[in-house]
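In case you want the letters, here they are:
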Amino acid sequence: MKFLAYAARRLAASLPTLLILLAGLFVLLQFAPGDTVDALMAQAGGGDAVMAAELRRFYGLDLSVPERLAAYLWRLVRLDLGFSAIYNKPVATVILERLTPTLLLMASSLSLAFAAGMVLGVLAARRVNGWPDTVISTLGLIFYATPSFWFGLMGIVVFAVKLAWLPPGGYGTVGAGYAGLRHMLDIAWHLILPTVTLALIFLAIYLRIMRAAMLEVLNLDFVRAARAKGLSETRVLVRHVLRNALLPMVTLIGLQAGTMLGGSVVVESVFSLPGLGRLAYESVVQRDLNTLLGIVFVSAILVIAVNFVVDLLYAKLDPRITATG
């Protein structure tokens, strides 16, 4: 019962954050030069002032900022993200068409970064101040300091152009007509380079956090007591040290979810992936504010959902949280 109450409180606490985020972004976007009508008229090659005024009236852009904000929030209550004038379809449809590539990229990158960071962090902590620790820490620093777009471009040059091992981009082989398992494998094959590119920066963060957590836990009294009982080093590591050292790693998953969504903008642009990141970039360029706000809304929901799951997992790993939270 305490666990369910804790989960309900955490979920309710995220709703004001979502409201403030959307309202703040809506107001900030009003100060940006141009609007949807300007983008439409630029695509059409121009137009007169009367046509522009009619279009603004049609899309509700002639209303004041508070009126537009109130209308937008009322639509959100009804789960209506509005209509995209640029794509000529509902915003929800546009986002759903682009959501799957982003979710696959995020899930695969997060899984790779978490697993590899955990293994490398454990190895570095077990050989602290030795050559494995030095090599792993140096690689982590290089991964963290290098921009993701540079990794992506170098990956394309080396593995796609020079060695021809991997495709240079895209979400699948154009015109191949694959279906079923073959189609899934083709998508996975095209996601290898983007996944590694996006995961490298977060891998560097995870291995540093895991190394520090391992070194801290290894010096605690209960670990020394377990060794004094005659338990093998492997059992001490797996049963006692690893479980406690994973707590900061689990917390970091939720904190990095939003950052990973932001990083996907660059990666999707480099590898021509039809995901939310690239859609957000196109929406900014084309002044499609409804689509951009819809992307922010969906992204915020995804981040809140990830943090909610992480909070529940963290509470399961450390029951003291539900007792005091």
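Described below are features of the structure shown in this document. Here the residue index of a chain counts from 1 through its sequence in written order. Reporting of local features is limited, given that this is a predicted model, to residues whose pLDDT is at least 70; pairs of side-chain atoms are given and counted only at 80 or more, and all residues count toward the totals for whole chains, interfaces and linings. Water and hydrogen atoms were dropped before computing side-chain values, which therefore reflect all heavy atoms in the structure.

### A closer look at the packing of aromatic side chains
At step 1: Note on ring pairs: Phe, Tyr and Trp rings are taken, using the six-membered ring of Trp, and paired if centres are within 6.5 Å. Classes follow the plane angle, with under 30 degrees stacked, over 60 edge-to-face and the rest tilted. One pass over the full model with this rule turns up four aromatic pairs.
At step 2: Measuring from ring centre to ring centre gives 5.9 Å for Trp150 and Phe151, while their planes differ by 70°; the resulting arrangement is edge-to-face.
At step 3: Only protein chains enter the calculation, and the probe is 1.4 Å; a residue is then buried if its accessible area is under 20% of its type maximum, exposed if over 50%, and partly exposed in between. Using a relative accessible area of 43% as the deciding quantity, one classes Trp150 as partly exposed.
At step 4: Each ring, one from Phe159 and one from Trp165, has its centre 6.2 Å from the other, and the planes form 40°; the classification is tilted.

### A short note on a nonpolar patch on the surface
At step 1: Exposure above 30% relative accessible area and no salt bridge define the residues that can form patches, which grow by joining like charges within 9 Å and nonpolar side chains of Val, Leu, Ile, Met, Phe, Trp and Tyr within 5 Å. For every accessible area listed, the method is Shrake-Rupley and the probe measures 1.4 Å; residues are considered covered only by the protein chains on display. A pairing counts as a salt bridge when a side-chain nitrogen of Lys or Arg comes within 4 Å of a carboxyl oxygen of Asp or Glu. Taken together, the side chains of Phe149, Trp150, Leu153, Met154, Val157, Val158, Phe159, Leu163, Trp165 and Val266 make up a nonpolar region of the molecular surface, amounting to roughly 870 Å² of accessible area.
At step 2: With seven residues, helix α7 (residues 148-162) is the single largest residue contributor to the nonpolar patch.
At step 3: Tracing the backbone through its elements, the reader meets Leu163 in the loop between α7 and α8 (181-218). By the criteria applied, helices consist of DSSP H or I runs no shorter than four residues and strands consist of E runs no shorter than two, each listed in order from the N terminus.

### Quick notes on helix α11 (residues 276-285)
At step 1: Among the residues of α11, Leu276, Gly277, Leu279, Ala280, Glu282 and Ser283 are the ones counted as buried.
At step 2: The first or second residue beyond α11 is Arg287, which carries a positive phi of 55°.

### Details of the pattern of salt bridges
Pairs may arise between side chains of opposite charge once their charged atoms sit close together.
At step 1: Evaluation of the coordinates by the stated rule reveals four salt bridges.
At step 2: In this structure, Lys89 engages Glu97 in a salt bridge whose closest nitrogen and oxygen atoms are separated by 3.3 Å.
At step 3: Residue class for Lys89 comes out partly exposed when judged on its relative accessible area of 27%.
At step 4: Since its relative accessible area comes to 47%, Glu97 is described here as partly exposed.
At step 5: Taken together, the shared-partner salt bridges connect Arg98, Arg278 and Glu282 into one network.

### Quick notes on the nonpolar core
At step 1: Ranked by internal contacts, the top residues of the largest apolar core, which has 45 residues, are Tyr206, Met210, Met214 and Val241.
At step 2: Contributing elements (two or more residues each) for this core: α5 (91-126), α6 (131-145), α7, α8, α9 (221-228) and α10 (233-270).
At step 3: Per element, the largest residue contribution to this core is 17 residues, and it comes from α8.
At step 4: Only buried residues count toward a nonpolar core, which is a set of Ala, Val, Leu, Ile, Met, Phe, Trp, Tyr and Cys residues joined through side-chain atoms within 4.5 Å. One finds Leu29, Val91, Val94 and Leu279 within the second-largest nonpolar core, a separate group that totals 23 residues.

### Describing unusual backbone geometry
At step 1: Although it is not a glycine, Asn88 adopts a positive phi angle of roughly 55°.
At step 2: Unlike most non-glycine residues, Ala164 shows phi in positive territory, near 55°.
At step 3: Residue placement: Ala164 occurs in the loop between α7 and α8.
At step 4: A relative accessible area of 57% places Ala164 in the exposed class.

### Things to note about the side chain of Asp288
At step 1: Among the secondary structure elements, Asp288 is positioned in the loop between α11 and α12 (289-317).
At step 2: Lacking a salt bridge, the buried Asp288 has Arg98 as its closest oppositely charged neighbour, with an N-O distance of 9.5 Å.
At step 3: A polar contact of 2.7 Å, which involves the side chain of Asp288, links it to the side chain of Thr291.
At step 4: In what follows, residue pairs with any heavy atoms lying within 4.5 Å of each other are defined as contacts. Other than its neighbours up to four places away in sequence, Asp288 contacts Thr36, Ser84, Ala85, Ile86, Tyr87 and Ser283. Counting rule applied: Lys, Arg positive; Asp, Glu negative; His and chain ends not counted. Contacts described as polar in this section are N or O atom pairs within 3.5 Å, which, within protein, must combine one atom able to donate a hydrogen with one able to accept it, while residues neighboring in sequence count only if both atoms come from side chains.

### A short note on the packing of α5 against α8
At step 1: Between α5 and α8, the shortest axis-to-axis distance is 5 Å and the interhelical angle comes to 35°. Note that α5 runs across α8; the crossing there is right-handed.
At step 2: All residues other than Ala, Val, Leu, Ile, Met, Phe, Trp, Tyr, Cys, Pro, Asp, Glu, Lys and Arg, Gly among them, are scored as polar; the first ten of these are nonpolar and the last four charged. Taken together, the residues of the contact of α5 with α8 break down into 25 nonpolar, five polar and one charged. Under this scheme, a helix contributes an axis fitted over its contacting stretch, all axes are lines through C-alpha atoms, and angles between N-to-C directions fall in the 0 to 180 degree range. Crossing handedness: left-handed means the near helix sits turned counterclockwise from the far one by under a right angle, and right-handed means the same turn made clockwise.

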